[in-house]
Amino acid sequence: MGDDNLKKESDMEGDLQKSLSLRLNRRGDRSNQNPHAEDFEVGFFSSGRVPQDYPMKIVWKKGFVRLVLVAGILWMLLILLALLFHIWSCQTSVSFLSAMCNKDSKVYTMLDTMGLVSKPHRCPIPLSNDPDKIVIPTGRTSNEIVKSLSYVIVDEVPRNGSQSSPLFGGHQSWKQREESFKLNSNMKVHCGFIQGGGAEMDRVDIKYVKRCKFVVASGIFDGYDLPHEPSNISLRSKKLFCFLMVVDEVSLKFMRENGTVKEDGAGGKWVGIWRLVLLKHPPYDEPRRNGKVPKILTHRLFPQAQYSIWIDGKMELIVDPLLILERYLWRGKHTFAIAQHKHHRSIYEEADANKRRKRYARPLIDLHMKIYYYEGMKPWSSNKKTISDVPEGAIIIREHIAMNNLFSCLWFNEVHLFTPRDQLSFGYVAYRLEDSFKFFMFPNCEYNSLFVLHPHTREHSSPIEWVKELDQLKNNNLKESRGGLGLFTPYPGDLDSVVLPNVTRTSKAG
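### Comments concerning the overall build of the protein
Right, so step 1: Looking only at helices and strands, one finds 17 helices and 14 strands in the protein.
Right, so step 2: Out of the 510 residues belonging to the protein, those deemed buried represent 48%.
Right, so step 3: Put simply, 82% of the contacts in the protein that link residues at least 6 apart link residues at least 24 apart.
Right, so step 4: When the accessible surface of the protein is totalled, it reaches about 27800 Å², and 54% of it is carbon and sulfur.

### Structural notes on the state of the cysteines
Right, so step 1: Enumeration over the complete set of coordinates arrives at 3 disulfides.
Right, so step 2: Each sulfur of the disulfide joining Cys 191 and Cys 409 lies 2.1 Å from the other. Where Cys 191 bonds to Cys 409 through sulfur, the torsion about that S-S bond is close to -80°, and the disulfide is left-handed. Here Cys 191 is found in the loop between β2 (186–190) and β3 (200–201), whereas its partner Cys 409 is found in helix α15 (residues 402–417), with 218 residues between them in sequence.

### Observations concerning the pattern of salt bridges
Right, so step 1: Applying the stated criterion to the full structure yields 18 salt bridges.
Right, so step 2: When salt bridges that share partners are traced, they join Arg 177, Glu 375 and Glu 414 into one network.

### Observations concerning the side chain of Ser 408
Right, so step 1: If you trace the backbone, Ser 408 turns up in helix α15.
Right, so step 2: The contact partners of Ser 408, leaving out residues within four places of it in the chain, are Ile 296, Leu 297, His 299 and Arg 398.

### Re the packing of aromatic side chains
Right, so step 1: Counting across every chain of the model gives 30 aromatic pairs.
Right, so step 2: Seen in terms of ring centroids, Phe 336 and Phe 407 are 5.6 Å apart; in terms of plane orientation they differ by 75°. Their pairing is edge-to-face. Of the two residues, Phe 336 sits in strand β11 (residues 336–340) while Phe 407 sits in helix α15, which places them 71 residues apart along the sequence. Each member of the pair Phe 336 and Phe 407 is classed as buried.
Right, so step 3: Residues Phe 407 and Phe 437 carry aromatic rings whose centres are separated by 3.9 Å and whose planes lie at 5° to one another, so their mutual orientation is stacked. With Phe 407 in helix α15 and Phe 437 in the loop between α16 (422–433) and β13 (440–442), this residue pair connects regions lying 30 residues apart in the sequence. Each member of the pair Phe 407 and Phe 437 is classed as buried.
Right, so step 4: Over the aromatic face of Tyr 151 sits the side chain of Arg 300, whose NZ or CZ is 4.1 Å from the ring centroid.
Right, so step 5: Over the aromatic face of Phe 488 sits the side chain of Lys 479, whose NZ or CZ is 4.2 Å from the ring centroid.

Quick notes on the rules
- Residues numbered from 1 in each chain as written.
- Predicted model: local features only at pLDDT ≥ 70, side-chain atom pairs only at ≥ 80, totals over all residues.
- Heavy atoms only, no water.
- Helix = DSSP H or I, 4+ residues; strand = E, 2+ residues; numbered from the N terminus.
- Buried < 20%, exposed > 50% of the residue type's maximum accessible area, 1.4 Å probe, protein only.
- Contact = heavy atoms within 4.5 Å.
- Areas by Shrake-Rupley, 256 points an atom, 1.4 Å probe, with all protein chains shown as cover.
- Disulfide = S-S within 2.5 Å.
- Salt bridge = Lys/Arg side-chain N within 4 Å of Asp/Glu carboxyl O.
- Phe/Tyr/Trp six-rings, centres within 6.5 Å; stacked < 30°, edge-to-face > 60°.
- Lys NZ or Arg CZ within 6 Å of the ring centre and 35° of its normal.

Shown next, in the form of C-alpha cells:
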C-alpha cells in the first residue's frame, strides 16, 4: 500500500517536470521568434514585471482610436445632413426655407451637375411688395471700358458678284469680326440696320418710340402668335413703360383677322396695352432670324430707351416690370440679366439638342460649333466663372449702356453670320469679352414664374431645318440668301481637323 503511494507520488513529480520542461521550451521558442521581447520586458518597464497602469494605457489608446472614428463618422453624417437640408430647402415650396437656398453657390452647382438636385419648374421670386415704393436710380451706370460706340451703316458689298444688294447685318469679313472683340474706349462695329438692308420703321412709330425710356418689348413674325395682355401691372408701370410689340406685315394682317387692332388719331396701332411697331421689308428669309432683330438689337430700334425687358411673343407677362428691374438689375447692381437654361450648360449640349429637334440644318450647326471650338470655346465646366454658357433667351433684362449695347451687337453679328440659334452664340460672345462683360444669370425656375407660356398659333417649319447633308444645300430653295452666309464663306483656319467634344445627353429635352 505504502509502496503504491510512493509510486504515484513519483509519477506525479515526473509529470510535473515534463510539464515545466514543455513550458520552458515554448518560452524559448517565443524568445527566438521575438528576440526583443526580453529587452522590451526589462528595458521598457525597467523590471521584469508588467506595471500596474499598463491595462489603463491599453484601454486609453483603444478608447482614443474609437473616439476619433466616432467623431469622423459623426462629422460625415453632419455634412450629409447639411447637404440634404440644402437640397430640401432648394426644392421646398415654403418661401422662408427656399429663401435660404443659395443657388449661386459652388455647392448647389456641384449638386446640380451631379444630378442630385431636381429642377423645379417654378419657384418663388424674391420680389419687392409694392411697385409704388420702388426707388428708380437716377442717371445711368458709368461706362468704364467702352466710352463711345458707333455703328457701321454702309455695307461693303463684295465685288465677286455673289451678293449684289446690301445685307441688313452687312458683309462683315473675318478680320472685321476678329477686330470687333478687341475692346477700346471708342469702337465702331457692325450692328444691323445697314442702309438698304430692310427692317424700316414707319415714321409714326419712330416718333412714338422717341418718348420711351422704359420699354417692355416683344415681337411676332410670320403670324405665329397673337399678343397676350400682361397682367398684374401697376398704374405706375403703365404710365412709365412703353409696351412695344414689333411685328411684320404678315403678322399685322393676321392680328387684324383674328383679333382687335385699334388705331389712334396719330395713326398708331394698338392691341390692348401693346403698341404695335411695324417693321417693313423683313431683312431675312427665315422668320426665326427676323425675330432676333428686336430681341437682340432692342437698343437700335429704341435708341432713347434706358432700360428694356424683352419677352418672346408667345409669353404673357404676369409680373410688374418695375419689380423685375428692381429684382434683377438694381438690387444687385447688375446691368444685364438673363435666365439660365433648364437643361444645358454647354453650347455643345445645346447644339446637339438643336439637331435632334431639327431647329436648323444639322451640318450647319456642326460647322458653327467647329468654328467656336477652333477659336477656343471649351465645353462648360464647374471651373468656369459663369454658372452656365447657355441662357434661356425668352426674357432679357438690361440697362442700355455702351458695354451691353456692344455685347448685343456682337451677339447679333454671330446670329447674322452663322445659325439663327442665339443660345449657341451667347456664351461664345461672353467668352470672347471675358470679364469685361458682366451679367447676372438667374435660376430657370424664377424665369418660369415671370410669365404664362401660350402655344404658337401654328408650328414653325422651314425646309432648311430638315437638311441632314451639306450636299442638299446645293438646292437654292433650301439655302438662305441673306443670313448665315458666314457658314458658306471660306474660313481662315483648318476646320477639317476639328473634332467636336462628346456630348452626354442628360435629359429628355436634349
